[in-house]
Structures are given as C-alpha cells and as structure tokens.
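Tertiary structure, described
Below are the chains, spelled out letter by letter.
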Amino acid sequence: MLPQSTRRQFAQCAALGVGGVGLSGWLDVLAARAQAQPAAAAAPRRARSVVLLWMDGGPSHKDTFDLKPESRGAGEFKPVATSAAGVQISEHLPKLARHMHEGVLVRGMSTPEGAHPRAKYNLHTGYREGQGGLVYPSLGAIAAAELGRPESPVPAFVSIGGRSYGSGFLGPRYQPLMVQDAARGVEDLRASVGESQFGRRMGLLDEMERAFHGEYRAPLVTDHQTTYQRAVRLMQAREGQAFDLSKEPAAGKAKYGTGKFAEGVLMARRLVEVGVPFVEVTLGGWDTHNDVFNRVKNLSAQVDNATSALLDDLRERGLLDSTLVIWMGEFGRTPNINTRGPVPGRDHYPRAWSLAMWGGGLRGGRVVGRTDREGATVEDGKVGTADFLATVCELTGIDHTKKNETPTGRPVQIVDKPKPFTSLVV
C-alpha cells in the first residue's frame, strides 16, 4: 500500500494525465520523492479559519463538559459516554457526544477575571483591561491581520449576533463586520442607484476625502476611507452572497435548528467556505445566577444542534481539518448551587472551568487539564488565558511572539508570556 503522501502525489499526477506515460516508472519516481521529503510529509496541519462560538455570560462547566456527579453541587444532569474513550459530557449534548473523538476538551482553564466585561476582554485579547494604557486587538483582529488575504472582497473578521471586541491599536482595517441578525444578513449590499451612477458618486467621495486628508492629515479620514472601501468591495463581490441565508437549501438550514444562534452558525459555515479566516457567533443567556438547570438545558439544545451540524458540514466539504471550532465563554460557574431566590443557580467562577475545540488539525479525543472532585480547583494541567490564545495561534500558524507596533511605535507581543499546550493536542 502506498503511504498517504505518495497516494496524494499519485492522485495529483493522475489528474494531470501522467498515468498515460507509464505507471510503473512514475511509481518509482513518486516513492523516491516521498522518501526524499520526510519533513514536508510530517509538517503539522494548520487551520486557515476559526469559528468562535462565544457563550456569553459564562457557561457552567459542571453542567456541560465537566460533570461531577459525586460532588456536593452536582446538579440535576447526568453524564453520558462519548465517542472519545473515557470522556463523558452532559446528557443534554448528545449530538456533540458523537463528535468528541474529533474534539479536545480543556478542563483546566483558570483565568484572572470574575466580572463579565473584564473577563470578556481578557479572553478575547489575552491582556487585562487597562493594562499598559492600551486597547489591545482581539484574537479575531489578530487573525484578520495574519491570515486575511488583502485581495479578498469579504471582511477577514465577522461577528454575528452580539458585541465583539475589535482591532484595538491595529486600526480600522481589522475591525469586525458586525451582523446583528444572520437571517437579515448584511443589509444595503445592493446600491439604490444604477452601477454607473454609484461609481460616479464613489469617485466624487474619494476625491473629496483625498482633498480633505491632504489639507488636514486627520487619522479619522483614513478610518473613514477604509470603512467605505471595505463596504464597496463587499457590495461588488460575488462572495457577498455568503451573507444571504436564503441561498441555503431548506434541508441544510433545518440541520442547524431554529433561532438566531442556529442561523449565525450556518452563516459562519458559509463564510468559512468563501475564505473568511475568523467568524465569531454569540449565544447569550449563560449568566445563570437563577434557574440554572432549565436555562442550561435549553441553551445546550441550541448548541448541540447547531455545532454538530456545523462539524458535519465542514467535514463533508473537506473543511474540518482547516477550520478550528471553539466553544467557550468568559468563565465557568460556581461548583456549589446558590440560594438566591426560589429557583437556584450558579455564580461566576473563573478559577476552574472548561472550553471545547474541534477540527483544525486537532488530535481528537483528548482532555487537557483535570479539576478536583468538586470541580472547584484545577489539579493538573492548568491553562491560563495567554496559554490558550497562544495555542490557538500555533494551531493557525500565527507567530504569537510577533510584536505589533502601536501608532506611537510601541512594540506589543501578540500574546505575552504564554505556555501553549499545542503539543498535547496535535
């Protein structure tokens, strides 16, 4: 049997009609070529796109991916076996349970912020809010800068269904395109006037802005020009149809379930297909101080349908290995159940929590980190914010030691002092 790289090379040659000139001779050549290039064959796969499924509010790790049925605050849910040997997750994530052999659970997350705004900022940027007096770029903006193609007409960073964190000191070029409602897509993609008239108007605007910029040199003019140029390119591009969910067959939509999150995840898949390197989709409602079990059960159903459909679609299209799918929020919830009100819940808890990843060249079926019997402390494999973001950078081929310059020339490393765990998951 031919090794994998040789089979791939054979298929490429066959596609070029090489087989017709004498198969046995080419097999010798291919075998020699494969042996001469072991480093290339062993090169790690790199994700080209990231889909971040952001669980806004902080999901309870003990009710999703790190259940502790024997603990004091175990809760109502039962753990179920998954397709990964020895790995159990919530009974309310049955479809994702069948995908765990191609996923990685990080149960050792331990982060410094317990308030929503500061924790979200920290998990999106790798820095603490206010640190160094700077506004840092989010991971989406970093991915847009490092993985985006300048010639692409579609934005390199799209955020669907909620507020995201932007480009910080990297500037407007890497700001996310915000889509509040995926079902409505990006409104006003079609010009209200004819093509020639639209072109004349844009030419006039460009002329006026260049004259203004020449006289005043205001940075805001550059920002304005960048924003308009991005919008016009998108309006004129065929790829803009990726934002139009009416183009999706009914059966394709149905797999994702119903609701805004399902529609957002479907749009994320369509955007990955046209080469968008970073898409963030938000599902709110995870701030479960009250009524934690009913709310997490309902939210889990939304996650389970949409995420499993996304993974299936990416695999069928040959995109799962090149797309890293991340499920996470800003922290976990307390191991114990509170006594607030008539229906109990769990409070904020950054000390120990979980996230999940699939695709992106990951070696699936792995668990990174272990919490104690109560789910309260990380006993082994603690992962901080910088460690996680640096790992994502390595999985996508981004050099996290690179230093970007602020507008004043101050060098800032993409991720500061991390300990990535990439070697554990690829």
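The name an unreviewed UniProt entry gives the protein chain is DUF1501 domain-containing protein, with Urbifossiella limnaea as the organism.

**Remarks on the overall build of the protein chain**
Regarding its fold elements, the protein chain presents 12 helices and 16 strands. Residue burial in the protein chain is summarised as follows: out of 426 residues, 50% are buried. Considering only contacts in the protein chain between residues 6 or more positions apart, those separated by 24 or more positions represent 70%. Accessible surface for the protein chain amounts to roughly 20,200 Å². Of this, 51% is attributable to carbon and sulfur atoms.

**A look at the pattern of salt bridges**
A complete count under the given rule lists 22 salt bridges for this structure. Note that Glu151 is salt-bridged to Arg149, the shortest N-O span being 3.5 Å. Given a relative accessible area of 53%, Glu151 falls into the exposed group. Among the residues examined, Arg149 registers a relative accessible area of 42% and is labelled partly exposed. Arg269 is the partner of Glu273 in a salt bridge, and the nearest nitrogen-oxygen pair spans 3.0 Å.

**Observations concerning the packing of helix 10 (residues 260-273) against helix 11 (residues 292-316)**
Look at helix 10 against helix 11: their axes get within 9 Å of each other, and the N-to-C directions meet at 15°. On the basis of the axis angle, helix 10 is roughly parallel to helix 11. Judged by the twist between their axes, the crossing of helix 10 over helix 11 is right-handed. Listed contacts from helix 11 to Phe261, Ala262, Val265, Arg269 and Val272 of helix 10 are Gln302, Val303, Ala306, Leu310, Asp313 and Leu314. Per-class residue counts for the contact of helix 10 with helix 11 are eight nonpolar, one polar and two charged.

**Observations regarding the sheet that holds strand 5 (residues 157-160)**
Sheet architecture is open: eight strands sit in the order 6-5-7-1-8-11-4-12, paired in mixed fashion. The sheet is open, and its two borders are formed by strand 6 (177-179) and strand 12 (366-368), each paired with just one other strand. Going across the sheet, the axis of each strand differs from the next one's by a mean of 15°, ignoring polarity. Sheet analysis places strand 1 (residues 49-55) next to strand 7 (residues 278-283), joined by six bridges and oriented parallel. Pairing of Met55 across the sheet is with Leu283, part of strand 7. Sitting on the sheet, helix 5 (residues 116-125) is in contact with strand 1, strand 4 (103-109), strand 7, strand 8 (323-328) and strand 11 (353-359), with an inclination near 165° to strand 1.

**Remarks on helix 10**
For helix 10, spanning 14 residues, the distance from its first C-alpha to its last is 20 Å, which sits close to the expected 20 Å at 1.5 Å a residue. The element helix 10 is extensively covered by neighbouring structure, given that 11 of its 14 residues are classed as buried. By the burial criterion, the buried members of helix 10 are Phe261, Ala262, Gly264, Val265, Leu266, Met267, Ala268, Arg269, Arg270, Leu271 and Val272. A positive backbone phi angle near 95° is found at Gly275, which sits one or two residues after helix 10.

**Describing the pairing of strand 8**
Counting buried positions over the six residues of strand 8 gives six, a clear majority of the element. Residues Thr323, Val325 and Trp327 of strand 8 are buried on one face, and the alternating residues Leu324, Ile326 and Met328, pointing to the opposite face, are buried as well. By the bridge criterion, six bridges tie strand 1 to strand 8 in an arrangement that is parallel. Residue Ser49 lies in a different strand from strand 8, and its bridge partner there is Thr323.

Parameters at a glance
Residues numbered from 1 in each chain as written. Predicted model: local features only at pLDDT ≥ 70, side-chain atom pairs only at ≥ 80, totals over all residues. Heavy atoms only, no water. Helix = DSSP H or I, 4+ residues; strand = E, 2+ residues; numbered from the N terminus. Buried < 20%, exposed > 50% of the residue type's maximum accessible area, 1.4 Å probe, protein only. Contact = heavy atoms within 4.5 Å. Areas by Shrake-Rupley, 256 points an atom, 1.4 Å probe, with all protein chains shown as cover. Salt bridge = Lys/Arg side-chain N within 4 Å of Asp/Glu carboxyl O. Axes fitted to C-alpha atoms, helices over the stretch in contact; angles between N-to-C directions. Parallel < 35°, antiparallel > 145°, perpendicular 65-115°, else oblique. Left-handed = near helix turned anticlockwise from the far one by under 90°. Nonpolar A, V, L, I, M, F, W, Y, C, P; charged D, E, K, R; others polar. Pairing = 2+ DSSP bridges. Expected span 1.5 Å × (residues − 1).

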